Amino acid sequence: MTTAAEKATTIFRRPRAETGFWSWLTTVDHKKIGILYGYTAFIFFVIGGAEALLLRIHLASAESNVLSAADYNGLFTTHGLTMIFLVVMPMSAAFMNYLLPLMIGARDVAFPRLNALSYWIFLFGGIFLYSGLLFSAVAPPLGVVPGIPGNLDPSDARSFGALPDGGWFMYQPNAAQEFSPSLAIDFAALGLQILGVASLISAVNFIVTFFNLRAKGMRLLRVPVFIWMTVVVAFLLLFSLPIIAIALFMVTFDRQFGTLFFDATAGGDPILWQHLFWLFGHPEVYILILPAMGIVSEIIPVFSRKPLFGYAAVVFAGAGIAFLGFGVWAHHMFSSGITTVAQVGFGLTTMTIAIPTGVKIFNWMGTMWLGRLQLKTPMWFAIGFLTMFTIGGLSGVTHAVVPSDWQQTDTYYIVAHFHYVLFGGAIFGLFGGLYYWFPKFSGRMMNDRLGKVHFWLWMIGFNMTFAPMHWLGLQGMIRRTWRYDPSLETWNRIVTVGAFIIAIGLLVFIFNFRTSKRRGEIAGMDPWDARTLEWSIPNPTPAFNFAEVPIVHGLDEFWHQKYTEDKTGRPIRKPEADEQVARLEDIGINPPEPVHLPNPSYFPIVMAAGLPLIAYGIIFHRSIAGKALIVLGVVIALAALIGWGSEPLEEAH
Amino acid sequence: MTAAAHEAQSPHQDLHESTGVENRKLAMWAFLSSEFLFFGALITNYLLYVGREFASGPKPSEIYDIPFTSVSSFVLLMSSLTMVLAHNALSRGDQGATRTWLLATAMLGSVFLAGQVFEFTEFITLENMTLATNPSASAFYVLTGFHGTHVAIGVIMLLSLFGLSKRMGGLTNRQFLNLELVGLYWHFVDIIWIVIFTVVYLLTAVPGAS
């Protein structure tokens with residue numbers, strides 16, 4: 001038996017380490033991969049936050065010279081790309097990875113090694129995107145076309161290399177070779193392409209896991225809302241990523257191989273880029289927010305001591321948002337010259353999005369209504385999500401009104417809107433999830449008092465930062481420029497102070513996280529008296545998840561193991577509940593029979609390493625080194641594929 | 001004991017599959033559904049530029065060699081038939097016939113690719129239409145190029161299965177699923193070509209232009 005296994009893995013000896021550095025590089029455990037996603041996303045969150053602070057320091061005065069115009073462009077673009085693709089998406093992926101198998105009663109995802117591959121591709125894609133920093137020597141500043149008014153000064157200093165600088169949307173022809181001759185856009189286009197591959201693989205993996213690995217009895221309408229949102233997001237990724245892949249290929253081909261897709265002088269159509277980009281870009285918005293909505297749907301019932309009000313409605317509303325999300329993209333383009341009919345149509349479809357969103361908001365409020373609210377930190381963040389997201393949602397409806405949108409386009413009003421939904425919404429939701437599930441992966445509790453300090457610092461700092469942007473924008477402050485009218489300076493100073501309060505809040509969080517992880521109160525089983533299956537196993541989660549694969553009898557399975565209700569519907573703790581929890585903890589710690597798990601593997605990380613090599617090769621394809629890099633990348637990926645194929649998922653037992 | 005047998009026995013795989021569709025097959029379906037959008041976007045790009053006039057020509061629609069492409073399309077469609085025959089042979093347990101049909105499928109795919117190389121060469125050298133001639137040409141080359149890449153990947157997968165069968169003296173139960181997956185992919189690539197040939201070639205070709 002062993003000889004067969006050894007023979008199968010001739011390229012590398014099979015990794016054995018279960019702890020330490022190598023175990024993380026070779027892990028295929030969804031929990032470890034989730035933690036890797038979480039830490040990586042957090043590091044990028046700090047980097048993206050630092051970029052935001054630099055921007056705010058610069059904007060604290062109207063005539064500031066803290067940043068050059070070129071660096072300002074590089075920083076706001078990279079801030080956007082980082083927060084969207086390297087923070088909110090992977091932080092959501094962290095929760096999805098960690099919780100998807102646990103909440104449906106499975107031992108892992110359907111394809112553990114593909115899961116590892118997704119993570120490593122994501123990591124290398126992020127590093128690739130940032131590696132533009134190293135290429136300042138070959139990167140002249142953006143938009144240097146002598147003689148065209150409004151263009152940047154050719155002598156404009158650039159200290160941040162070829163960081164992407166055309167806005168995260170990379171509008172054409174601004175991001176075309178002529179107006180953006182540096183490598184910045186190439187790094188963005190290829191970096192996003194790599195990140196897209198990671199997301200696509202995850203999406204396929206999660207869809208198969210969701211449909212095939214649910215525990216016995218877990219019918220579709222017994223699946224926790226967070227997992228529903230995970231699979232809805234997976235479908236959104238599945239159908240929107242190929243479109244942005246094509247669009248990014250077109251940019252790369254235009255810039256590197258001379259195609260004319262977006263070259264208006266040759267008959268190309270720059271508006272085509274906007275259509276393709278937003279046909280991806282708008283579903284992407286829901287890719288960012290739906291996981292946070294799922295998290296909040298898990299937190300609010302637990303801390304309201306009530307089941308989620310209208311569970312099925314919340315699930316269908318989430319799916320409805322995703323479905324409608326493919327029919328609203330042109331509301332990003334009302335000022336681009338599309339026809340009146342298109343403007344009216346897309347304005348109307350955009351307004352319909354408010355219906356399922358409203359259903360969700362009212363259901364969360366309905367859950368809290370008459371509940372016995374326990375205002376612990378996760379609940380505060382959920383309430384923060386609910387209130388801030390609602391404000392952002394309402395300002396979003398004003399964009400659906402076409403004439404109003406013309407007034408708001410490219411002003412700080414838009415910046416205010418999307419920070420209310422993505423920071424006040426997604427980030428608040430994700431941090432609520434972090435406080436809520438911290439015991440799950442660490443076995444300890446976060447300090448609740450410090451958590452509340454963090455929450456209030458953020459609540460105050462966030463509103464100080466982004467609320468004034470509404471009126472700054474309505475007064476005509478244009479976004480994406482490094483200069484603004486001096487009459488707007490006062491509010492901009494307040495905004496900058498707000499940004500620093502957010503930063504202080506983040507420091508409190510980091511301190512709390514570090515100390516709680518080492519010395520926090522031991523969580524034990526089920527610290528929140530929760531409802532879903534992931535709490536029916538010990539904290540931190542054992543490697544094999546479930547010693548006994550559970551059989552599910554209804555929604556909120558774990559709750560019904562502990563509680564019954566009286567005639568008026570009030571929950572009564574079953575007398576045997578404590579015994580049941582203790583029994584579950586015992587078999588989780590001392591499993592009755594050994595559980596075999598997939599073995600670690602080197603091949604995911606090796607295969608992932610091939611992709612950035614190919615991308616560098618494409619950027620430098622005119623040189624021999626570039627061509628060699630492409631060949632090398634392909635060879636590495638293929639070799640890893642062969643090794644992967646000949647290595648069994650599990651060794652003989 | 002083979003690697004395949006280990007995998008089949010693992011507790012991970014033993015968890016019942018709620019849909020009754022094997023994990024890897026469901027994954028392939030999901031992936032292919034994504035691919036439809038990929039080619040949908042490419043075909044849309046091409047159609048956007050069909051009616052437009054450009055300063056420099058020719059446009060692909062003016063130089064199509066419809067009889068030639070009809071033949072190569074027929075060759076690709078026949079490869080779907082041989083793919084089915086390979087699948088059928090393996091389900092009967094006839095390893096020799098499986099190898100024959102796999103090889104035939106790969107060969108037909110290669111003939112199609114050769115046809116595409118020939119077509120591109122003709123367009124570039126005789127008609128002076130390159131990637132950079134006009135947006136319609138750009139869209140044509142990128143679309144058909146990506147389709148050709150998909151066919152090439154399919155040919156590599158078919159040849160891998162053929163080689164595996166040759167070396168191991170036959171395909172096991174687990175590899176039967178691999179053959180099914182390659183088949184799904186191959187039929188998908190074929191179906192996309194039917195759409196491309198109809199929409200991009202036949203419907204946009206300018207009669208009598210070439």
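As the structure is a computational prediction, the values presented were derived from the model and not from experiment.

Draft legend 1. Representation of the overall build of chain B in the model. Within chain B, the secondary structure is distributed over eight helices and zero strands. N-terminal to C-terminal, the α/β element order of chain B is α-α-α-α-α-α-α-α. Seen along its three principal axes, the alpha-carbon backbone of chain B occupies a region of about 65 × 35 × 25 Å. Per-residue burial over chain B gives 48% buried out of 210 residues. At a minimum sequence separation of 6, the contacts of chain B that also span at least 24 residues come to 79%. Of the roughly 9000 Å² that chain B leaves accessible, carbon and sulfur atoms contribute 68%. In chain B, the 9 positive side-chain charges and the 14 negative ones have mean positions that sit 9 Å from each other.

Draft legend 2. Expanded view of the overall build of chain A. The number of helices and strands found in chain A is 19 helices and two strands. For chain A, the C-alpha radius of gyration of 25 Å lies close to 26 Å, the compact-globule estimate for 653 residues. Looking at the 653 residues of chain A, the share that counts as buried comes to 63%. Across chain A, contacts joining residues at least 24 apart in sequence account for 81% of those joining residues at least 6 apart. Averaging the locations of the 41 positively and 40 negatively charged side chains of chain A gives two centres separated by 6 Å.

Draft legend 3. Molecular detail of the interface of chain B and chain A. Facing 42 residues of chain B, the contacting portion of chain A comprises 44 residues. For the interface between chain B and chain A, the tally reads one salt bridge. Where chain B packs against chain A, one counts eight residue pairs in polar contact (both at pLDDT 80 or more). Looking at the side of chain B that touches chain A, the elements that each hand over two or more residues are α1 (3–9), α2 (11–14), α3 (23–50) and α7 (135–168) of chain B. The leading source of residues in the side of chain B that touches chain A is α3 of chain B, at 15 residues. Considered class by class, the residues forming the side of chain B that touches chain A number 22 nonpolar, 15 polar and five charged.

Draft legend 4. Spotlight on the pattern of salt bridges. Residues and elements named next belong to chain A. Inspection of every chain in the model, using the stated rule, returns 16 salt bridges over all chains. Among the ionic pairs, R483 bridges to E63, the shortest N-O distance being 3.8 Å. Of the two residues, R483 is situated in the loop between α14 (448–474) and α15 (489–519) and E63 in the loop between α3 (30–59) and α4 (69–104); the sequence distance between them amounts to 420 residues. Residue R483 is classed as partly exposed on the basis of its relative accessible area, which comes to 26%. Its relative accessible area of 54% is what places E63 among the exposed residues. In this structure, D529 and R573 form a salt bridge, with 3.4 Å as the shortest nitrogen-oxygen distance. With D529 in the loop between α15 and α16 (557–562) and R573 in strand β2 (residues 571–573), the pair connects residues that are 44 residues apart, well separated along the chain. On the basis of relative accessibility, which here comes to 14%, the residue D529 falls in the buried class.

Draft legend 5. Region of the structure containing helix α5 (residues 112–130) of chain A. For α5 of chain A, with 19 residues, the first-to-last C-alpha span of 28 Å sits near the 27 Å given by 1.5 Å per residue. Most of α5 of chain A sits inside the fold, with 17 of its 19 residues counted as buried.

Draft legend 6. Here's a closer look at unusual backbone geometry. The peptide bond linking Q172 of chain A to P173 of chain A adopts the cis configuration, its omega dihedral lying at 0 degrees. With respect to the helices, strands and loops of the structure, P173 of chain A is situated in the loop between α5 and α6 (184–212). A cis amide bond links G57 of chain B with the next residue in sequence, P58 of chain B, at an omega value of 0 degrees. Within the secondary structure, P58 of chain B sits in the loop between α3 and α4 (60–63). Even without glycine at this site, R480 of chain A takes up a positive phi of about 65 degrees. Looking at the element boundaries, R480 of chain A is found in the loop between α14 and α15. Residues other than glycine seldom take positive phi values, yet D526 of chain A does so here, at roughly 50 degrees. With respect to the helices and strands, the residue D526 of chain A is situated in the loop between α15 and α16.

Definitions and cut-offs
- Residues numbered from 1 in each chain as written.
- Chains lettered and ligands numbered in written order.
- Predicted model: local features only at pLDDT ≥ 70, side-chain atom pairs only at ≥ 80, totals over all residues.
- Heavy atoms only, no water.
- Helix = DSSP H or I, 4+ residues; strand = E, 2+ residues; numbered from the N terminus.
- Buried < 20%, exposed > 50% of the residue type's maximum accessible area, 1.4 Å probe, protein only.
- Contact = heavy atoms within 4.5 Å.
- Areas by Shrake-Rupley, 256 points an atom, 1.4 Å probe, with all protein chains shown as cover.
- Lys, Arg positive; Asp, Glu negative; His and termini not counted.
- Charge placed at Lys NZ, Arg CZ, Asp CG, Glu CD.
- Rg over C-alpha atoms; globule rule 2.2 N^0.38 Å.
- Salt bridge = Lys/Arg side-chain N within 4 Å of Asp/Glu carboxyl O.
- Polar contact = N/O pair within 3.5 Å; in protein donor to acceptor, adjacent residues only side chain to side chain.
- Nonpolar A, V, L, I, M, F, W, Y, C, P; charged D, E, K, R; others polar.
- Expected span 1.5 Å × (residues − 1).

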